[in-house]
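Observations on the model geometry
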Amino acid sequence: MYSIKVEQLVRHFGKNVAVDDISFKVESGEIFGFLGPNGAGKTTTINMLTTLLRPTSGTALVNGYDVGKQQALVRQSIGMIFQDASLDDKLTGRENLLFHGMLYGLSADDFSDKAAKLLDMVELTDRAEEVVLNYSGGMKRRLEIVRGLLHNPNILFLDEPTLGLDPQTRRHIWDYLITLRERQGVTMFMTTHYMEEAEHCDHIAIIDDGKIVGLDTPEALKAMVGGDIIMAITDDNEQASLRLQNSHGVDTRKGPDNQLIIETERGDRFIPEMMSVLTDQTQGNISVKSVYLRCPTLEDVFIKLTGHAMRDQNAVDKDKVRSGMRRWRGR
């Protein structure tokens, strides 16, 4: 059973295409990640799924409701944690929750029961009567999670839920989210550009420049890379690549920082062979400045699929442009 079904979804901002003909499905109860750099189309997608933006074309069903035609029903069945803080700093944590509960028509008893359980889960019970202005960034995020769950939604949308938080706090937030999924079976749709966060997802859609370029489990995506990753810096990558191809039939590719990237089984055994080939005096020595061996990561998958690193500056620049375009919401 699918909680979200998207088919050929497109969003234009004038002549610019922010989301370009994407399709995917999210199963009920899973954590589904949208992984990509800033400006890739992640937030635009989540805004369409939560009815904050109208699609230019295509369809999207959330809990079986059409995001373009049944907006009120979609909103009643989802929770949302925005990328930017959206709490009232002058109210206490409990007052922020109470205001949200009133908007969703929760009775006093229902609110009291749900708020108490959720605050306890994220360890904020003792701080609920303090004004939010005194909260740390991690505490605010935890309170926003409670607020998003207060009306018992079927799907929780999280747009960069740990953006700007330190690594330890990010881990704690994920502990709460995983506990939440285990206790309540809530479907989670999240966007992120943190590789370690994406590892927690059941399925990941890799998005770049508005297009989905890969979609599978984290393990299956990493298996696309194959074997170990060797990253070498030489004084002549072109000749090094040609020599390795001729001697071992190994395909290489250029990394984002001009490294020579080799994918091979048993990289620990291949490195001595590679060094012997590259430093062969009969063919002319190729100087190897550094060699690094590791297992494949989602960063490697992203580079393989897109040809550039996750945090390329051009993607950041696109995000700045698109953030201005988001003021066109609803058009």
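Residues numbered from 1 in each chain as written. Predicted model: local features only at pLDDT ≥ 70, side-chain atom pairs only at ≥ 80, totals over all residues. Heavy atoms only, no water.

1. Description of the overall build of the protein chain
Cut-off, in case you're wondering: Counting from the N terminus, the helices are DSSP H or I runs at least four residues long and the strands are E runs at least two residues long. The cut-offs for exposure are 20% and 50% of the maximum accessible area for each residue type, with area from a 1.4 Å probe on protein chains only; residues under the lower value are buried, those over the upper are exposed, and the others partly exposed. Residue contacts are counted whenever heavy atoms from the two residues lie within 4.5 Å of one another. Accessible surface area values rest on a Shrake-Rupley calculation with a 1.4 Å probe, where residue burial reflects the displayed protein chains alone. All tallies of charge rest on Lys and Arg as positive and Asp and Glu as negative; His and the ends of each chain are not included. By convention, the point assigned to a charge is CZ for Arg, NZ for Lys, CD for Glu and CG for Asp.
Helix and strand counts for the protein chain come out as 12 helices and 14 strands. With the C-alpha coordinates of the protein chain rotated into their principal frame, the extents come out at 85 × 45 × 35 Å. Out of the 331 residues in the protein chain, the part that is buried amounts to 47%. Nonlocal contacts in the protein chain, meaning residues at least 24 apart in sequence, comprise 71% of its contacts between residues at least 6 apart. Working note: accessible area of the protein chain is about 15,800 Å², and carbon and sulfur atoms make up 47% of it. Averaging the positions of the 39 positive and the 48 negative side-chain charges in the protein chain gives two centres separated by 6 Å.

2. Overview of helix α9 (residues 237–248)
Stated formally: The span expected for a helix works out to 1.5 Å for each residue beyond the first. Working note: the arc is built from the helix axis to C-beta atom directions.
Look at α9: 16 Å from first C-alpha to last across 12 residues, which is about the 16 Å you get at 1.5 Å a residue. Within α9 the residues assigned to the buried category are Asn237, Ala240, Arg243 and Leu244. One face of α9 carries all of its buried residues, which in axial projection span an arc of 125°. Residues of α9 that are exposed and angled more than 90 degrees away from the buried face: Glu238 and Asn246.

3. Focus on the confidence of the model for the protein chain
The test is simple: Per-residue confidence from the predictor is given as pLDDT, running between 0 and 100.
Taken residue by residue, the protein chain gives an average pLDDT of 87. The fraction at 70 or more is 94%. Low pLDDT, under 50, characterises residues 312–331; the predicted model gives this stretch 32 contacts beyond four residues in sequence or across chains.

4. Topic: the pairing of strand β7 (residues 155–159)
Note the threshold: Should DSSP find at least two bridges between two strands, the strands are taken to pair.
When you tally the buried positions in β7, you get 5 out of 5 residues, the bulk of the element. Residues of β7 alternate between two faces, with Ile155, Phe157 and Asp159 on one and Leu156 and Leu158 on the opposite face, all of them buried. As judged from the 4 bridges shared by strand β6 (residues 78–81) and β7, these two strands associate in the parallel manner. Opposite isoleucine 81, over in β7, you have leucine 158 as the bridge partner. Where β7 meets strand β8 (residues 187–192), 5 bridges bridge the pair, whose relative direction is parallel.

5. Examining the layout of surface pockets
Let me state the cut-off plainly: Of the grid points, spaced at 1 Å and generated over the protein atoms alone, those admitting a 1.4 Å probe that cannot get out make up cavities, while open sets with protein on both sides within 12 Å along at least five of seven lines make up pockets; any residue with an atom within 4 Å of a point is treated as lining. Grid points are joined across faces, edges and corners, and a volume is the space filled by probe spheres set on the points.
Counted as a void, the largest pocket has a volume near 450 Å³. Around the largest pocket sit 20 residues that line it, and Met80, Phe82, His100, Tyr104 and Arg147 are the ones nearest its centre. Elements that contribute at least two residues to the lining of the largest pocket include exactly β6, α3 (93–103) and α5 (137–149). The element that contributes the greatest number of residues to the lining of the largest pocket is α3, accounting for 4 residues.

6. Some remarks on the pattern of salt bridges
Keep this limit in mind: Should a side-chain nitrogen of Lys or Arg be within 4 Å of a carboxyl oxygen of Asp or Glu, the pair is scored as a salt bridge.
This model, assessed by the stated rule, comprises 15 salt bridges. Taking the shortest distance from any N to any O, the salt bridge between aspartate 20 and lysine 211 comes out at 2.6 Å. Of the two residues, aspartate 20 is situated in strand β2 (residues 16–27) and lysine 211 in strand β10 (residues 211–216); the sequence distance between them amounts to 191 residues. Its relative accessible area of 25% is what places aspartate 20 among the partly exposed residues. The salt bridge involving aspartate 89 is made with lysine 140; its shortest N-O contact spans 3.9 Å.

7. Some remarks on the sheet that holds strand β11 (residues 228–234)
Going by this rule: Here, axes are lines fitted to C-alpha atoms. For helices the fit covers the stretch in contact, and angles between N-to-C directions go from 0 to 180 degrees.
The sheet built from 4 strands is open, its strands ordered β12-β13-β11-β14 with antiparallel pairing. Each edge of the open sheet is held by one strand with a lone partner, namely β12 (252–254) and β14 (288–294). On average, adjacent strands in this sheet sit at an angle of 25° to one another, irrespective of strand direction. As paired strands, β12 and strand β13 (residues 260–264) are joined by 3 bridges and run antiparallel to one another. Within the sheet, the bridge partner assigned to threonine 252 lies in β13 and is isoleucine 262. Sitting on the sheet, α9 touches β11, β12 and β13, and the angle it makes with β13 is about 20°. Its contacts with the sheet place helix α11 (residues 298–306) against β11, β12, β13 and β14, and it is angled at close to 85° to β12.

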